[in-house]
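Listed below, chain by chain, are the residues.
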Amino acid sequence: MPKNWIIKVDNYFHANPNCIIATAHVDTFPTNLPLEPNIREPNRKSATYRQIFDSVTTEPEKFFSRHSGIVLSANKVKPSKNKTELELEVLEASEGGSDGIINGGHTVLAFEQAKNYKYDLSLARVKVTIHIGLQEEEAKDIALASNTTSPVDSRSKVNARGDYKFIKQYLAQLERAEDRKFRIAYYQNQSGAPRNAQCNVNHLFKLINCLDRNRYNPDGNKRSKHPTGTNTPSQITDTERERLTLLLPLLPKALWIEQRLYEIIQEHISNPRRKGVNDLASIDTRKSTLLPDSKYSFGFGAPTDLALPIIASYRVFLDQDYNWIIPFDEFAENFLQHLWGNYYRKYLISEKTAGNTVGTKICRNQEIWESLYISAPTRLSGLAKG
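To keep things clear, this report deals only with the structure shown in the data block. (Residues numbered from 1 in each chain as written. Predicted model: local features only at pLDDT ≥ 70, side-chain atom pairs only at ≥ 80, totals over all residues. Heavy atoms only, no water.)

### Observations regarding the overall build of the protein
For the protein, the helix and strand inventory stands at 13 helices and nine strands. Burial status across the protein gives 52% buried among its 386 residues. Considering only contacts in the protein between residues 6 or more positions apart, those separated by 24 or more positions represent 74%. For the protein, the accessible surface area stands at approximately 19,400 Å², while carbon and sulfur atoms represent 46% of it. (Helix = DSSP H or I, 4+ residues; strand = E, 2+ residues; numbered from the N terminus. Buried < 20%, exposed > 50% of the residue type's maximum accessible area, 1.4 Å probe, protein only. Contact = heavy atoms within 4.5 Å. Areas by Shrake-Rupley, 256 points an atom, 1.4 Å probe, with all protein chains shown as cover.)

Okay, structure coming up:
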């Protein structure tokens, strides 16, 4: 069912048949309007929020002239008979609507907090632009084009364009099939999503990108031998979506490799040769890490790209159609133990001994990617014979 909100106004006018601009009262402004059309959630710690909060609470009578205003989307708008109120009918997302706050989430949050702290906002006014009957794509277009006082990350823009739908649909199917739950952050300040970088949607793209044996093939492509420092997509074209869709069935295996590597590292630092000493570069025992599958939490912090060189080595076991040459379960654990015991563990120890601790730099070292990759064909040959 549509919901209705009342906005008290001093005056309003029709900028066009489907747009109303009004001078609204701040003290009664509804602060529970949906954020569906917005491209990110407001952040109380941001400079934008603090500036708005200070402005509306210190000199509320000047707020109207100092603030650019709030942009809303509503299915219908009905003025009261005395023209002092506007009644907004808002369709929820489940009803096919994209109504609510298009731009101004930080502003509305500031209003809510100021009311909670009992500030007198009776003199404060704010300009409100209300678009009527927008389609979802139109609302998102306005949200993306709106000027903001703080930068919006590219991930939020990609999400607002709907370019993550294919991966959201795949993960939903995977959750049902495997009875697991993913907590992935698709946009800036997303509530309910962990802050761990491993739970960023861009991390998922990195995981499957490492298994693209056609794009990253040292034997056939000298320019892109390994997916080190993989750039995350700022725009997903049809061609890129097609490539990523072919790789998506490999995601559960990539997640398994990452999770199993973290378990091995946890075992290693829990039983050190010297008590109380962590001999692995880039591993911080004072922090913790949560992987995308929310069941797996570990008692150490690690760079986001830690598992990527290991995962990329597994692409040797894939054919051109991204099918496993040998059943994954028959070699995955054995191969991981081989890479860890003979290469990666020794590499991280040597980097720690040398005093190198910058995690990203360590994980993108071309030499370790090359060493791990070169060891894979030999291992593959041995497994094939066996």
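There's plenty left to go through after this.
### Quick look at helix H1 (residues 47-58)
Each full turn of the α-helix corresponds to 3.6 residues, which orients residues three or four apart in the same direction. The end-to-end C-alpha separation of H1 is 16 Å, in line with the 16 Å expected for 12 residues at 1.5 Å each. Every buried residue of H1 is accounted for by Thr 48, Tyr 49, Ile 52, Phe 53, Ser 55, Val 56 and Thr 57. Buried-residue contacts for H1 involve helix H2 (63-66) and helix H3 (105-116). (Expected span 1.5 Å × (residues − 1).)

### Observations regarding the packing of aromatic side chains
Counted by the stated rule, this structure contains 22 aromatic pairs. Centre to centre, the rings of Phe 29 and Phe 111 are 5.9 Å apart; their planes meet at 75 degrees, and the pair counts as edge-to-face. A residue pair is termed long-range when its members are at least 10 positions apart, and Phe 29 in the loop between strand S2 (19-25) and H1 and Phe 111 in helix H3 qualify at 82 residues. Above the ring of Tyr 186, the side-chain terminus of Lys 168 is found at 4.7 Å from the ring centroid. (Phe/Tyr/Trp six-rings, centres within 6.5 Å; stacked < 30°, edge-to-face > 60°. Lys NZ or Arg CZ within 6 Å of the ring centre and 35° of its normal.)

### As for the sheet that holds strand S7 (residues 125-132)
What the seven strands build is an open sheet, ordered S4-S5-S1-S2-S7-S3-S6; its pairing is mixed. Among the strands making up the open sheet, the edge pair consists of strand S4 (76-79) and strand S6 (100-103). On average, each strand axis in the sheet is tilted by 40 degrees relative to the strand beside it, whichever way the strands run. Relative to S7, strand S3 (residues 70-74) runs parallel, the two sharing five bridges. Note that in S7 the partner of Ser 73 across the bridge is His 131. (Pairing = 2+ DSSP bridges. Axes fitted to C-alpha atoms, helices over the stretch in contact; angles between N-to-C directions.)

### As for the pattern of salt bridges
Evaluation of the coordinates by the stated rule reveals 17 salt bridges. The salt bridge partner of Glu 59 is Arg 66, with a shortest N-O separation of 2.8 Å. Relative accessible area serves as the criterion here: at 48%, Arg 66 is assigned to the partly exposed category. Glu 178 is the salt-bridge partner of Arg 180, the closest N and O atoms lying 2.6 Å from each other. Among the ionic contacts, a cluster of salt bridges with common partners joins Asp 212, Arg 215, Glu 240 and Arg 243. (Salt bridge = Lys/Arg side-chain N within 4 Å of Asp/Glu carboxyl O.)

### Quick word on the nonpolar core
Of all hydrophobic cores here, the largest spans 69 residues; its most connected members are Ile 167, Tyr 314 and Tyr 344. Residue assignment for this core shows that the elements contributing at least two residues are helix H6 (165-178), helix H7 (201-209), helix H8 (238-247), helix H9 (251-270), helix H10 (308-313), helix H11 (328-353), helix H12 (359-363) and helix H13 (366-385). A total of 11 residues in this core trace back to one element, the largest contributor, which is H11. When neighbours within four sequence positions are excluded, Ile 167 is seen to be in contact with Tyr 186, Val 201, Leu 204, Phe 205 and Leu 248. (Core = buried A, V, L, I, M, F, W, Y, C linked by side-chain atoms within 4.5 Å.)

### Here's the deal with the pairing of S4
Examined bridge by bridge, S4 and strand S5 (residues 85-90) share four bridges and lie antiparallel to one another. Counterpart to Val 77 in the pairing with S5 is Leu 88. Between S4 and the antiparallel strand that follows it, S5, lie five residues; Lys 83 among them carries a positive phi value of about 60 degrees.

### Remarks on the side chain of His 131
If you trace the backbone, His 131 turns up in strand S7. Judged by relative accessible area, His 131 falls into the buried class, the value being 19%. Those residues in contact with His 131, other than ones at most four positions away along the chain, are Asn 18, Cys 19, Val 71, Leu 72, Ser 73, Ala 74, Ile 102 and Ile 142.

### A look at the packing of H6 against H7
It is the contact of H6 with H7, at a shortest axis distance of 12 Å, that shows an interaxial angle of 80 degrees. Taken together, H6 and H7 sit at an angle that is classed as roughly perpendicular. Within the contact between the two elements, H6 uses Phe 166, Ile 167 and Leu 171 and H7 uses Val 201, Leu 204 and Phe 205. Grouping the amino acids of the contact of H6 with H7 by side-chain chemistry returns six nonpolar, no polar and no charged. (Parallel < 35°, antiparallel > 145°, perpendicular 65-115°, else oblique. Nonpolar A, V, L, I, M, F, W, Y, C, P; charged D, E, K, R; others polar.)

### A word on H7
Within H7, nine of the nine residues are buried, which leaves the element mostly enclosed by the surrounding structure. The complete set of buried residues in H7 reads Val 201, Asn 202, His 203, Leu 204, Phe 205, Lys 206, Leu 207, Ile 208 and Asn 209. As for H7, its buried residues are in contact with helix H5 (154-160), H6, H8, H9 and H10. The backbone nitrogen of Asn 202 lies 2.9 Å from a side-chain oxygen of the residue at the head of H7, namely Asn 200. (Polar contact = N/O pair within 3.5 Å; in protein donor to acceptor, adjacent residues only side chain to side chain.)

### Observations concerning the packing of H1 against H3
Packed helix pairs are specified by the crossing angle of their axes together with the interaxial distance, meaning the distance between the axes. Between H1 and H3, the least distance of the axes is 9 Å, while the angle of their chain directions is 50 degrees. In terms of orientation, H1 lies oblique with respect to H3. Like other packed secondary-structure pairs, H1 and H3 cross with a definite hand, here right-handed. Facing Thr 48, Tyr 49, Ile 52, Phe 53, Val 56 and Thr 57 of H1, the residues of H3 in contact are His 106, Thr 107, Leu 109, Ala 110, Phe 111, Gln 113 and Ala 114. (Left-handed = near helix turned anticlockwise from the far one by under 90°.)

### Side note on the side chain of Asp 212
Looking at where Asp 212 falls in the secondary structure, it is placed in the loop between H7 and H8. Polar contacts involving the side chain of Asp 212 include one to the main-chain amide nitrogen of Arg 215, which spans 3.1 Å. Ignoring anything within four residues of it in the chain, the contact list for Asp 212 reads Arg 243, Leu 247, Arg 315 and Tyr 322.

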